[in-house]
Number of protein chains: 2
Amino acid sequence: MSPKRGVAPLRRAEIVRATIRCLARDGYSGLTMKKVAREARVSQGILHYYFADKRAILVAALETVTADLDRRVALAQARGGRGARARLLALVGACMRLAAEERAFWIVFVEFWGEMMHDRRLREVNAALYTRMRRQIGAVVAHGIRAGIFRRVDVLRAAAVILAVVDGVSLQLTFDPAAFRVGDATRFCGDAVLRYLAKEAS
Amino acid sequence: MSPKRGVAPLRRAEIVRATIRCLARDGYSGLTMKKVAREARVSQGILHYYFADKRAILVAALETVTADLDRRVALAQARGGRGARARLLALVGACMRLAAEERAFWIVFVEFWGEMMHDRRLREVNAALYTRMRRQIGAVVAHGIRAGIFRRVDVLRAAAVILAVVDGVSLQLTFDPAAFRVGDATRFCGDAVLRYLAKEAS
DNA sequence: CAAAGATAATTGGTCGCCCAATCAAATAAA
DNA sequence: TTTATTTGATTGGGCGACCAATTATCTTTG
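Since the model is a prediction, treat every value here as computed from it, not as a measurement. Every chain begins its residue count from 1, and numbering advances along the sequence as written. Just so you know, chain letters begin at A and ligand numbers begin at 1, following the order they were written in. Local features in a predicted model are, by the rule used here, given only for residues with pLDDT of at least 70; side-chain atom pairs are given and counted only at 80 or more, and totals for whole chains, interfaces and linings are based on all residues.

Trainee: I'd love a proper account of the relation of the copies chain A and chain B, names of residues and values included.
Mentor: Here two copies of a chain appear, and what relates them is a rotation about an axis with a shift along it. Screw-axis analysis of chain A against chain B gives a translation of 0.0 Å along the axis, an RMSD of 0.0 Å, and a rotation angle of 180 degrees. With respect to symmetry, the two chain copies, as superposed, fit the operation of a two-fold axis. By residue overlap, the copies meet face to face through one surface: 100% of the interface positions of chain A are interface positions in chain B. Overlaid copies result from least-squares superposition on C-alpha atoms, with residues included only where pLDDT is at least 70 in both. Residues are treated as contacting if the C-beta atoms built from their backbones sit within 7 Å of each other.

Trainee: Lay out the interface of chain A and chain B in plain terms, naming residues and giving numbers.
Mentor: If you look at the interface, chain A gives 33 residues, while chain B gives 33 residues. Of all the elements in the fold, those that place two or more residues in the side of chain A that touches chain B are α6 (103-116), α8 (155-175) and α9 (182-197) of chain A. Think of it this way: any DSSP run of H or I at least four residues long counts as a helix, any run of E at least two long counts as a strand, and we number them from the N terminus. Per element, the largest residue contribution to the side of chain A that touches chain B is 10 residues, and it comes from α8(A). Of the residues contributing to the side of chain A that touches chain B, the split by class is 17 nonpolar, eight polar and eight charged. Under the grouping applied here, Gly and all other residues not named as nonpolar or charged are polar, the nonpolar ones being Ala, Val, Leu, Ile, Met, Phe, Trp, Tyr, Cys and Pro and the charged ones Asp, Glu, Lys and Arg.

Trainee: Describe in detail the packing of helix α1 (residues 8-26) of chain B against helix α6 (residues 103-116) of chain B, supporting the description with residues and values.
Mentor: Residue and element names in this part refer to chain B. Simply put, an axis is a line fit to the C-alpha atoms, just over the touching stretch for a helix, and the angle between two N-to-C directions goes from 0 to 180 degrees. Running from amino to carboxyl end, α1 crosses α6 at an angle of 85 degrees, the nearest separation of the two axes being 9 Å. When the axis of α1 is compared with that of α6, the two are roughly perpendicular. Facing α1, whose interface residues are Ile20, Leu23 and Ala24, α6 presents Ala104, Ile107, Val108 and Glu111. Roughly parallel means an angle under 35 degrees; roughly antiparallel means over 145; roughly perpendicular covers 65 to 115; every other angle is labelled oblique.

Trainee: Summarise unusual backbone geometry; cite the residues concerned and give the values.
Mentor: Residues and elements named next belong to chain A. Positive phi values are uncommon outside glycine, yet Arg41 reaches one of about 60 degrees. With respect to the element layout, Arg41 can be found in the loop between α2 (33-40) and α3 (44-50). Around each residue's C-beta, the other C-beta atoms within 10 Å are counted; 20 or more make the residue buried, 12 or fewer make it exposed, and counts in between make it partly exposed. All C-beta atoms are placed from the backbone. Residue class for Arg41 comes out exposed when judged on the 9 C-beta atoms lying within 10 Å of it.

Trainee: So what about α1(B)? Which residues, and what values?
Mentor: Residue and element names in this part refer to chain B. Expected helix span is computed as 1.5 Å times (number of residues minus one). For α1, built from 19 residues, the straight-helix expectation of 27 Å at 1.5 Å per residue is met to within 8% by its first-to-last C-alpha distance of 27 Å. Looking at the buried side of α1, the elements it contacts are α2 (33-40), α3 (44-50), α4 (54-79) and α6. One or two positions beyond α1, positive phi appears at Gly27, with a value near 85 degrees.

Trainee: Go over the nonpolar core, please, and point to the residues and values.
Mentor: If you look at soluble globular proteins, the nonpolar side chains tend to sit buried side by side. By size, the foremost hydrophobic cluster in this structure holds 126 residues, and its most contacted members are Val165(A), Cys189(A), Val165(B) and Cys189(B). If sequence neighbours within four positions are ignored, Cys189(A) has contacts with Val92(A), Met96(A), Val165(A), Val166(A) and Val169(A). Put simply, a nonpolar core is a cluster of buried Ala, Val, Leu, Ile, Met, Phe, Trp, Tyr and Cys residues tied together by C-beta atoms within 7 Å.

Trainee: Tell me about α8(A), and please be specific about residues and values.
Mentor: The end-to-end C-alpha separation of α8(A) is 30 Å, in line with the 30 Å expected for 21 residues at 1.5 Å each. Among the 21 residues that make up α8(A), 19 are buried, leaving the element largely enclosed by the rest of the structure.

Trainee: A description of the packing of α8(A) against α9(A) should follow, citing residues and the corresponding values.
Mentor: All names here are of chain A. Put simply, α8 and α9 touch, their axes get as near as 11 Å, and they point 165 degrees apart. Taken together, the axis directions place α8 and α9 in an arrangement best described as roughly antiparallel. The way α8 lies across α9 gives a crossing that is right-handed. Every residue of α9 that contacts α8 at Ala158, Val161, Ile162, Val165, Val166, Val169 and Leu173 is listed here: Ala185, Cys189, Ala192, Val193, Tyr196 and Leu197. By residue class, the composition of the contact of α8 with α9 is 13 nonpolar, no polar and no charged. By definition, turning the near helix anticlockwise from the far helix through less than a right angle yields a left-handed crossing, and turning it clockwise yields a right-handed one.

As structure tokens, then:
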């Protein structure tokens, strides 16, 4: 590959994408600089020209993955209907579809979870994502409460519960795609969420 | 350490326990045979006397962790009340307490998740655990339906949803123990589960 | 019952491999 | 010519696996 000017940011992104692909294929413990370089079709040395070390690449990869997730969820939400109920279901559905169709996406994400436990930087990136997600979901819940179709709950805490449900079900969907059907998972998940927010007392 | 007869199974268990402690401390990617040997206070060579290779130790470690989880959940359920509602809440509470008090437990578990994505053997051990858990939860749900306090749902699928909620919330509790309070998490989680199973239509 | 052999358990060192990181040199654009 | 970019070989270290030697316990035998 011949050196060209002004391609630095592109190369960076290329390397990060290659890293994510490698993670999905071989896992975190199977990730080597050599494999990343081959996947990105560049020399090994170049990785250290764009990144300080291996860890820096991993951080960039997690940032990219979380940004992707953000974008997808925002998109799905925009497509959803006007009512709070419809928007919430659209959001849940989008997450389920993501887990089912782009399995690699979740695989990479779960791999990072393990490392987060021992890496503060990674943990912070993840925490920021969850804060954003909770805010987004919380806004929809608040909307529903104002419209009088949801009960009066602490919106951020309710969002945390909803996110937890979606997370848990997505995880199962990722682990055992054969046992769960997307339609079923979506229905059950949406059902659980709506029932949790329903006004009628249990 | 002097060689003694008939201690083989004990040594094995000792090594596995040491492995779990190492995993909790340094993570999956930071796990080395050397560290495990030091933690177990044995020589490095002995690890290969009791296990074929590193992977075999990891498999044994996951089996031990899942067995521990089983035992704890069963214990918590036994302590719970008689009614289906009380038993379900006891189960949820036990999981939450586990996540809060024995954080190391969940840390190790999440680390394994990442590897499971690329290791069939580990995946199978985990799948067996989830099948057992779903059966256990499903039995309680069935009990509640028979007693007429829960709506008529597919018990195993309902169990899957409940397990997903518990999983998701536990995960958040593990990641950010400061932001979540165990009491809150337990209440919200139990609330969500009971509302999901409530007879009144939404 | 004691000596001798067999066996189970343990050690520490060694081997070859592969890894992340480094660097001097090369190449193309400005 | 200078600067930005890229290369591939090198380096030092750490890893999992392997093994010859050693020790303690058990079993057999005289």
